[in-house]
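The residues making up each chain are set out below.
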Amino acid sequence: MAARELPARPDLEQYKKQAKELVKAWKAGDPAALARIRKHHPRLSARPDPDLRPATFTLADAQFVLAREHGFESWPKFAKHIGAVTEQSPSDRIWRAAEEAVDAIVTGDARTVERLLHANPDLVHARSTRTHRSTLLHYVGANGVEGFRQRTPKNAVRIADILLSAGSDIDATAGMYGGSTTLGLMATSIHPVTAGVQEELMAFLLDRGASVGDATGTAAWSHLINGCHANGRGKAAEFLAKRAPGLDLEAAAGAGRLDVVKSFFTSDGPLKGNTTETQMRDGFTWACEYGRSDVVDFLLQQGVDVNAKLKHDGQTGLHWAAYGGHPGTVRVLLRRNAHVNAKDERFGGTPLGWALYAWGGSERRTASSSGHYDVVEILVDAGATVDGDWLAESERGFPLARRIREDARMRAALGSGR
């Protein structure tokens, strides 16, 4: 949720002026204003610029855009929130305290969290006035809340312990992504990973009795694990799979559990019971993305089409393995006659392009990104076409050409030598 941050003492009159200025900018055809309007106003979001300009855009529309930019459903709710954090009545002070508590939670200020909860015991049950309606505990999930608050401190477990000890509902549901708990948010978020506390947080919440979802048993655990797969959290999926009482085929394949994957097939090949072809295909997708080479090889033996168009954008398994930087999996797929220059259906990108995008888009070089050197070399040796634009100054929105130019190892892998 890319919500804009409010100042410590927001002034409603200033936002009224901003709304008037947005109307003027719309009338003038300002590109930045049109982009804001299209992004935050559902009635106007699908209109191209020529159709947007003649559309009706009132002051109320501009106020609505400002409210949505800050994470509120409407201007009246936005105005009410501003009033609550600036006024002095008892009912308003709780909202000021909640805002202060949230800031303390995401920065790891345990002492302030404890002080505020001691002074306002009901604060632990308060809900955000923003669209997601989160409790304080949901902010520990660092996901789906306003973007400037999606942060995980090193002492996140300590913060969660304070909130739960004060009476937070560990399974409370907030409005993001159709309904989410703290565990679900945190298991699929990158921020606890970056802080190095995701597994510790998951273990803590599970040990304190957190539910894994509305369903029970295998279905609930598999749904959560597959959510991790879909959000790039392969390590979280592995961690949860070790605790799960059972896994469906998709979850088992993505987590690299070949022993469980095999249990879904009869001795002569067909799937058992209610296991579906969709689960097998989606499990193959995750196995390719997360480098589960033995699972990939097994599923190919069971009849998965190596060149099948997979979710979410019609990419192949080779696209996913290249993107993940898994040379072993890439070799398995190529041995099974994967098309080295296949194009996905949304971006028109090849596996080599996906590998370079993942490598070039990484701010930090990691063990995973280092695998992309080998992947690129393997793909080029297998006949992958090197797009000249990757080495040109157009750079397609991020400095890929510059990074290649500055990296002798990647130049060598591409065979450019330059």
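Presented here is a report on the structure given in the accompanying data block. (Residues numbered from 1 in each chain as written. Predicted model: local features only at pLDDT ≥ 70, side-chain atom pairs only at ≥ 80, totals over all residues. Heavy atoms only, no water.)

1. Examining the side chain of glutamine 63
Turning to its location among the elements, glutamine 63 is positioned in helix 4 (residues 59–69). Beyond its immediate chain neighbours, meaning those up to four positions away, glutamine 63 contacts Ala19 and Trp75. (Helix = DSSP H or I, 4+ residues; strand = E, 2+ residues; numbered from the N terminus. Contact = heavy atoms within 4.5 Å.)

2. Remarks on empty space enclosed by the protein
Remark: the empty space left among the atoms is shown by a probe the size of a water molecule rolled over them. The tally for this structure, following the rule as stated, stands at one cavity of 30 Å³ or more. Ranked by residue count, the leading element in the lining of the largest cavity is helix 6 (residues 90–107), at four residues. Broken down by class, the residue content of the lining of the largest cavity amounts to six nonpolar, five polar and two charged. (1 Å grid on protein atoms, 1.4 Å probe; cavity = no way out; pocket = protein on both sides within 12 Å on 5 of 7 lines; lining within 4 Å. Points joined across faces, edges and corners; volume = space filled by probe spheres on them. Nonpolar A, V, L, I, M, F, W, Y, C, P; charged D, E, K, R; others polar.)

3. Digging into the packing of helix 17 (residues 293–301) against helix 19 (residues 327–335)
Packed helices, taken two at a time, are described by the angle their axes make and the gap between the axes. Direction vectors running N to C along helix 17 and helix 19 enclose 15°, while the axes themselves pass 9 Å from each other. Classified by the angle their axes make, helix 17 and helix 19 are roughly parallel. Seen from above, helix 17 lies across helix 19 with right-handed handedness. Of helix 19, the residues touching helix 17 (which contributes Ser293, Val296, Asp297 and Leu300) are Gly328, Thr329, Val332 and Leu333. Looking at side-chain class alone, the contact of helix 17 with helix 19 contains four nonpolar, three polar and one charged residues. (Axes fitted to C-alpha atoms, helices over the stretch in contact; angles between N-to-C directions. Parallel < 35°, antiparallel > 145°, perpendicular 65-115°, else oblique. Left-handed = near helix turned anticlockwise from the far one by under 90°.)

4. Comments concerning the nonpolar core
Core analysis: the largest hydrophobic core is formed by 106 residues, its most contacted members being Leu240, Leu299 and Leu333. Contact partners of leucine 240, with chain neighbours within four places excluded, come to Ala187, Met202, Leu206, Trp221, Leu224, Ile225 and Cys228. By size, the runner-up hydrophobic cluster in this structure holds 21 residues, among which are Ile37, Leu44, Ala62 and Phe78. (Core = buried A, V, L, I, M, F, W, Y, C linked by side-chain atoms within 4.5 Å. Buried < 20%, exposed > 50% of the residue type's maximum accessible area, 1.4 Å probe, protein only.)

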